[in-house]
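Spelled out from the first residue to the last, the chains are:
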Amino acid sequence: MSGSGFIAWRLFLRGHRERRQSKPLFGAALGIALSLIPLIVVDHFADAMIEGIIARYRETSSYHFQIRTWEEPLQEEWQTLANKIAAQPGVATAWVERSGYALARARGPRDGLTLRALPENAPLRDTEFGRYIEFDEGSWNLADKSILLGREAARRLEASVGDKIFILTAATTAGNITPKVNPMTVKGIFTTGYQDLDRTWAFISLDEGWNMLAETSSTTFVGGKFTSLAQSSAIWTQIKNTLAPRWKAYSWRELNRYLLSNLESTRSILLVIMGLIIIIAVLNVLTSMVMLTLEHRREIGTLKCTGTSPGTISLAFTAAGTLAALIGILFGLAAGLLMSYHINSIIASIEYTLTLINGIFTDAPPPVLLSEGYYLQEVPVKMRWLVTSVIGIITLILSIGAAWLPASRAAGLKPLEVLRKH
Amino acid sequence: MNNTILSVRGAGKSYKSGPETLQILKEVNLELQAGQSIAVMGASGSGKSTLLNLIGGLDNADCGEIESCGFQVNQLKEKELTAYRSKAIGFVFQFHYLLKDFTAAENVMLPMLMRGIPRKQAKAQAEEALEQVGIAARSGHYPAQLSGGERQRAALARALINRPKLILADEPTGSLDEEHRSLVEDLIFSRIAESGTALLLVTHSGELAKKADRTMLLREGLLQNP
């Protein structure tokens, strides 16, 4: 170990030997660790939430791409297009969807619905779609004037599986819009995992969709999925090139651009907050180093008298600060990653504790920290090693800078001035 | 053969004190030969410590020349000053100024580490140096765990560890009680005699000054024979 390394190590260990001594570097290490833990957890949480939301919208709603037109093609033309797209290499599936708004009434009050008319075998043709549609009651069945209701929609309509439900849609007869009542049977109540989607969505068969939803008050398109989204660029270009001019192709990014933009804004704000947390942690290193150098002025003077160069002193103090930062960073990252990995269990434990306290002191319903009302019932954690490493490296670089500033000033102290005061 | 370790010619130093300028040293001349010891005595504020600080490169003389161990002290840049303090001289202050976070052995080995000597070798030599000043058993203790005399002996071992040509001692036993004072004084002189190091000693103590080869008196900014 070099002279500066030896001094740095002793400076870092100081305070652990004598209880009465202050522990600025220990405090700095702790400060950095405590700042990094929420930073890492928030980063993982936010990323998982954003990825989860995007994936869910893409797989259940926007598809990987859509083909639309301003014209009014016949049902057969749509189907031909869907078949043609589905036959393209690299395309997993493509089907026609027709959607529109309707008013529904079951046992409870009337409520608005977004009717989505899909092929009867949609979950079989697209397993990713099927994966995100979970049934509370009943199952996927769109045969014989059947309807599937979102959980929240069913709750508001007071509808259960087997109930008759009346769907009021707009029909166009001789240029006039007239109401059309469609009796249907509830065959399933599902959830997408999001309350705002479950509140309005209802699935009907594509054939019923053509009957119930007028051309003028509905949207028809071909929705498709790639076999691999990651390798879809060339296929996507090919699909666009083969389409006749009447058809317009939109990627999932274009279709979800407002959602993506909002989520990106959220991510940016989080990054700014994270940056502030890092800066606060680094300021902690700076103040700790200032304290350390102030407390060691006499030692610095002595070291200079014994032939220690200013460079060595500066290096020793910088190394001591860096060592503290490094320990704080390693501990903070490890604890942050551990907490991120077990975030669902931690939230469940907090929920359990709150429920327990709530049960003892009040009659109010137990608190729910993660519910579909808050978008997520469970945080889908994916470890972000690269981002975590980058956060660690940036914090370390900033900490070295914060340690170097007071250290270089300390190295410039005149030994005589210091020793005179002591 | 020229055995002169220290040569001070016409050194002067003044300090500003408010509107006044205090001329501490007017024209100091001094020569010290290798292995020789000189005790400088004088009243408080006469400039004894200032003279030592000028020679040690802790302060700059306003005028005159100070040549110590081959270094023109007044003209040294920071890097050369470091080399001068590291290789040529050793300080012993009235207060030990041991680093409180380091054990006695570590305090002694620090100047060696600063010269790039491997830690193992430095530690062995530090242990030996502590043995020579009689506190080998206390080598693993921190300054707070040592008595005043032990601390001063550790400081002496530190000053001598790099085998300097010149020791600058400023009231080295001034903070010790009678019993320890005598012990440390004897140790200083025996150690410098063994190592052939020159000693420039600043003290109020006539007893201590008598142990030096020569005594000089600093009065009104001038160094004189008593």
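Residues numbered from 1 in each chain as written. Chains lettered and ligands numbered in written order. Predicted model: local features only at pLDDT ≥ 70, side-chain atom pairs only at ≥ 80, totals over all residues. Heavy atoms only, no water.

(A) Expanded view of the overall build of chain A. Across its full length, chain A carries 16 helices and 10 strands. In terms of overall dimensions, chain A has a C-alpha envelope of 105 × 60 × 35 Å along the principal axes. Out of the 422 residues in chain A, the part that is buried amounts to 49%. Long-range contacts, defined as pairs at least 24 residues apart, comprise 76% of the intrachain contacts of chain A with a sequence gap of at least 6. When the accessible surface of chain A is split by element, carbon and sulfur atoms take 61% of a total near 20,400 Å². If the 41 positive side-chain charges of chain A are averaged to one point and the 35 negative ones to another, these points end up 13 Å apart. (Helix = DSSP H or I, 4+ residues; strand = E, 2+ residues; numbered from the N terminus. Buried < 20%, exposed > 50% of the residue type's maximum accessible area, 1.4 Å probe, protein only. Contact = heavy atoms within 4.5 Å. Areas by Shrake-Rupley, 256 points an atom, 1.4 Å probe, with all protein chains shown as cover. Lys, Arg positive; Asp, Glu negative; His and termini not counted. Charge placed at Lys NZ, Arg CZ, Asp CG, Glu CD.)

(B) Highlighting empty space enclosed by the protein. For the structure shown, the criterion picks out 6 cavities of 30 Å³ or more. Here the largest cavity is characterised by a volume of approximately 120 Å³. Around the largest cavity, the lining is made up of 14 residues, and of these A:Thr306, B:Ile89, B:Gly90, B:Arg158 and B:Ala159 lie nearest the centre. Those elements that place two or more of their residues in the lining of the largest cavity are α12 (297–305) of chain A together with α2 (78–88), β6 (89–92) and α5 (148–160) of chain B. In terms of residue count, β6(B) provides more of the lining of the largest cavity than any other element does, 3 residues in total. Considering only residue class, the lining of the largest cavity consists of 7 nonpolar, 5 polar and 2 charged. (1 Å grid on protein atoms, 1.4 Å probe; cavity = no way out; pocket = protein on both sides within 12 Å on 5 of 7 lines; lining within 4 Å. Points joined across faces, edges and corners; volume = space filled by probe spheres on them. Nonpolar A, V, L, I, M, F, W, Y, C, P; charged D, E, K, R; others polar.)

(C) Representation of the sheet that holds strand β8 (residues 198–202) of chain B. Residues and elements named next belong to chain B. Strand order in the open sheet made by the 6 strands is β6-β7-β8-β3-β9-β10, with mixed pairing throughout. Pairing within the sheet leaves two strands with one partner each, and these edge strands are β6 and β10 (222–224). In this sheet, neighbouring strand axes are inclined to one another by 20° on average, regardless of whether the strands run parallel or antiparallel. Here helix α6 (residues 178–195) sits on the sheet and contacts β3 (37–41), β7 (166–170) and β8; the angle it forms with β8, its principal contact strand, is near 155°. (Pairing = 2+ DSSP bridges. Axes fitted to C-alpha atoms, helices over the stretch in contact; angles between N-to-C directions.)

(D) Highlighting the pattern of salt bridges. Residues and elements named next belong to chain A. Throughout the structure, instances matching the rule amount to 26 salt bridges over all chains. For Arg 155, the salt bridge is made with Glu 152, and the minimal N-O distance between the two is 2.5 Å. Linking Arg 155 with Glu 152, this pair stays in helix α6 (residues 151–157), spanning 3 residues, or about one helical turn. (Salt bridge = Lys/Arg side-chain N within 4 Å of Asp/Glu carboxyl O.)

(E) Inspection of the packing of aromatic side chains at higher detail. Residue and element names in this part refer to chain A. Here the structure, examined in full by the defined rule, presents 18 aromatic pairs over all chains. Considering the side-chain rings of Tyr 63 and Phe 221, the 5.8 Å spacing of their centres and the 75° angle between planes classify their relative orientation as edge-to-face. Of this pair, Tyr 63 sits in the loop between α2 (24–62) and β1 (65–68) while Phe 221 sits in strand β9 (residues 218–226), and the two are 158 residues apart along the sequence. Of the residues examined, Tyr 63 reaches a relative accessible area of 2% and is grouped as buried. Judged by its relative accessible area of 3%, Phe 221 is buried. Here Trp 140 and Phe 203 contribute two aromatic rings whose centre-to-centre distance is 5.2 Å and whose plane-to-plane angle is 50°, an arrangement assigned as tilted. Taken together, the positions of Trp 140 in the loop between β4 (134–138) and β5 (146–150) and Phe 203 in strand β8 (residues 201–205) put the pair 63 residues apart, joining distant regions of the chain. Each residue in the set Tyr 63, Trp 95, Phe 129, Phe 135, Trp 140, Phe 190, Trp 201, Phe 203 and Phe 221 is aromatic and connected to the rest through ring pairs, giving one cluster. The ring centre of Tyr 194 lies 5.3 Å from the NZ or CZ of Arg 56, which sits over that ring. (Phe/Tyr/Trp six-rings, centres within 6.5 Å; stacked < 30°, edge-to-face > 60°. Lys NZ or Arg CZ within 6 Å of the ring centre and 35° of its normal.)

(F) Inspection of the packing of α2(A) against helix α15 (residues 385–411) of chain A at higher detail. Residue and element names in this part refer to chain A. Put simply, α2 and α15 touch, their axes get as near as 11 Å, and they point 150° apart. By the angle between their directions, the pair α2 and α15 is classed as roughly antiparallel. For α2 against α15, the interelement crossing comes out right-handed. Counting all contacts with α2, which are made through Ile 32, Leu 36, Leu 39, Ile 40, Asp 43 and His 44, the residues of α15 involved are Val 387, Thr 388, Ile 391, Thr 395 and Ser 399. (Parallel < 35°, antiparallel > 145°, perpendicular 65-115°, else oblique. Left-handed = near helix turned anticlockwise from the far one by under 90°.)

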